[in-house]
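Summary of the model geometry
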Amino acid sequence: VAKRSAGTDFVVYEPGMGDTTVSRKDTTAELAAAIRNGELTTVYQPLINVSTGRPIGAEALVRWQHPVDGMRPPDQFIALAEESGLITEIGKLVLNDACRQAARWVSEAPAVNDLLVTVNLSARQVGDDEIVDQVREALEASGLEPFRLVLEITETVLMHDRDAAAATLWQLKGLGVRIAIDDFGTGYSSLAYLRRFPIDMLKVAREFVDGLGRDAHDDVITRAIVELASTLGLLTVAEGIETTQQQEHVSALGCDLAQGYLFSRPIDAEAVRALVGEQDWPQPKPALRAV
Ligand code: C2E
Ligand code: MG
Ligand code: MG
Ligand code: MG
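First, a word on what this report is: a plain description of the structure on this page. (Residues numbered from 1 in each chain as written. Chains lettered and ligands numbered in written order. Predicted model: local features only at pLDDT ≥ 70, side-chain atom pairs only at ≥ 80, totals over all residues. Heavy atoms only, no water.)

So, on to the overall build of the protein chain. What the protein chain contains, in helices and strands, is 12 helices and 12 strands. A burial count over the protein chain gives 49% of its 291 residues as buried. Put simply, of all contacts in the protein chain between residues at least 6 apart along the chain, 65% involve residues at least 24 apart. (Helix = DSSP H or I, 4+ residues; strand = E, 2+ residues; numbered from the N terminus. Buried < 20%, exposed > 50% of the residue type's maximum accessible area, 1.4 Å probe, protein only. Contact = heavy atoms within 4.5 Å.)

Given below as structure tokens:
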């Protein structure tokens, strides 16, 4: 942290901000303005049913369309949004958009019974009682059936303030939504929380999927996660599938769902609607164009 000539204003070097030097105060104000100006949008990365190859929904991912700098990825502003509390506002935007879009996908693809949308929740959101009302309101406003909404949290969230997190997750569960653990295997590897918290889905972290077929260690970990999930009756998602070799491995291991650049980059909601609404699907599927 370096000090600016002005005196009270600190210049902070944030990982992910690249080599630009930005004052935290300025950036927070800029992010608040961006929210007001509608610069935050949501993109969706398709989730593929591994055994059929069919896209059955998507993960909602926030983007900041900056008028000068262009697209800013979440790594550049989520941490700041957490610290400043703006994540509450951002989370609400993403939740409402995801529920509204998924309700449209359902109405146009009634044949896809297992259609779902996943939304990331950060630690601060789970620590905030307001999240339960936000989720309830997003479901009511959109008419989306609760089981189609999957809330993604990380292991860190569970270990942070366990009692508060447990209470919130059980309340969310009471609404009928499902809970996923994102980047599973990268956090504190205590398995006790899989019984203590109402978990429905494990997302195998990209770092393990990465080495499938090349790194015996990654094969063993991924296999163990999928077996654990299957024993506990949880769905599994393999994240970050980039090669057909990785796809074949997760398929052989019995992973339920997959996402990654091999299938599609994050795309806009309309493109997901077209994709899930397709009646027949060519096998293998062509990789989609990024937005
Ligand atoms: P995540 O939830 O684990 O999301 C997956 C990230 O991996 C996304 O990056 C996605 O674009 C990227 N990805 C997907 N497939 C591949 C692949 O095959 N190869 C590689 N290299 N990457 C792949 P993105 O969109 O930049 O998001 C980064 C992180 O920011 C997310 O990780 C999540 O933790 C956070 N985030 C994104 N949107 C939100 C949001 O609405 N709320 C909160 N609280 N966090 C969010
Ligand atoms: Mg996620
Ligand atoms: Mg993830
Ligand atoms: Mg993550």
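Right, picking up where we left off after that structure.
Of all hydrophobic cores here, the largest spans 87 residues; its most connected members are W105, V135, L149, L151 and L172. The element contributing the most residues to this core is helix α3 (residues 87-108), with 10 residues. Look past the residues within four positions of L172 in its chain and what remains in contact with it is L121, I131, V132, V135, L151, V177 and I179. (Core = buried A, V, L, I, M, F, W, Y, C linked by side-chain atoms within 4.5 Å.)

This part takes up the coordination of the magnesium ion (ligand 3). In ideal tetrahedral geometry, four donors around a metal make angles of 109.5 degrees, whereas ideal octahedral geometry with six donors gives angles of 90 or 180 degrees. Looking at the magnesium ion (ligand 3), one finds its protein donor set to be D182 (OD), D183 (OD), E239 (OE) and E239 (OE), positioned 2.1 to 2.6 Å from the metal centre. Each donor residue of the magnesium ion (ligand 3) lies on one chain, and together they are spaced D-D-x55-E. Separating the magnesium ion (ligand 3) from the magnesium ion (ligand 2) is a gap of 3.8 Å, which D182 spans by donating to each of them. You can see D182 sitting in strand β9 (residues 178-184) and its partner E239 sitting in the loop between β11 (235-238) and α11 (244-253), a full 57 residues away along the chain. Take D182 and E239: they sit in the same class, and that class is buried. (Donors = N, O, S within 2.8 Å, 3.2 Å for Na, K, Ca; no water.)

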